[in-house]
Amino acid sequence: METPVTIAFQNLDRSEWIEQDVRGYVAKLEEFYDRITSCHVVVEAPHRHHKHGNLYRVRVVLSVPHRELVVDRDRGDQAEHVDLHVAIRDAFKALRRQLEDYVRELRGDVKTHVVPLP
């Protein structure tokens, strides 16, 4: 199954390499968990008059059954996000960790701590 992916650009021209990069990361997520229903990505470049460095912002919303997983890598999160490749990579690494936690929860692999009664 191919996940519907929408990619929006803010303050940035549409770019083929960005779209390929994003679709590659989504394909890797699909290999791990094939029940992804949709993925929405917003890539935002800083305004030209931004004074504190030109850090990119990447927001990803991944829909899976009964939940949405959201990663929002804001400007200032990481100094390395002056490179758009790094900002996209970091957003999808964080999303992968959320998806792994979600799958563990589905499988019942998450330990619950029982609070003893007094």
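Structure report, in brief. Remember, predicted model here, so these are calculated numbers, not experimental data.

Across its full length, the protein chain holds two helices and four strands. The secondary structure elements of the protein chain, listed N-terminal to C-terminal, are β-α-β-β-β-α. Looking at the 118 residues of the protein chain, the share that counts as buried comes to 38%. The long-range share in the protein chain, meaning contacts at least 24 apart out of those at least 6 apart in sequence, stands at 60%. Working note: accessible area of the protein chain is about 7,800 Å², and carbon and sulfur atoms make up 48% of it.

A few words on the pairing of strand 1 (residues 5-10). Burial along strand 1 is one-sided: Val5, Ile7 and Phe9 are buried, and none of Thr6, Ala8 and Gln10, which face the opposite way, are. Once the chain exits strand 1 it traverses helix 1 (residues 16-32) before rejoining the sheet at strand 2 (residues 38-44), and the crossover so formed is left-handed.

Judged by how many residues are buried, strand 3 (residues 57-64) sits mostly within the fold: six of eight residues are covered. Pairing between strand 2 and strand 3: seven bridges, direction antiparallel. Among the inter-strand pairings, valine 41 is bridged to a residue of strand 3, identified as valine 60.

Scoring rules and cut-offs
Just so you know, the residues in each chain are numbered from 1, in the order the chain's sequence is written. Only residues with pLDDT of at least 70 get local features here, since the model is predicted, and only at 80 or more are side-chain atom pairs given and counted; chain-wide, interface and lining totals rely on the full set of residues. Water and hydrogen atoms were dropped before computing side-chain values, which therefore reflect all heavy atoms in the structure. Put simply, DSSP H or I for four residues or longer makes a helix, DSSP E for two residues or longer makes a strand, and each gets a number counted from the N terminus. Each residue is assigned to one of three classes by its accessible area relative to the maximum for its type, calculated with a 1.4 Å probe on protein chains only: buried under 20%, partly exposed between the two thresholds, exposed over 50%. What makes two residues a contact is simply this: any of their non-hydrogen atoms within 4.5 Å. Values of accessible area rely on a 1.4 Å probe in the Shrake-Rupley scheme; residue burial ignores everything except the protein chains shown. Think of it like this: strands point away, you trace from the first strand over the helix to the second, and a clockwise trace means the crossover is right-handed. For two strands to be treated as a pair, DSSP must find at least two bridges joining them.

Keep in mind that these numbers describe shape and distance, not what the molecule does.
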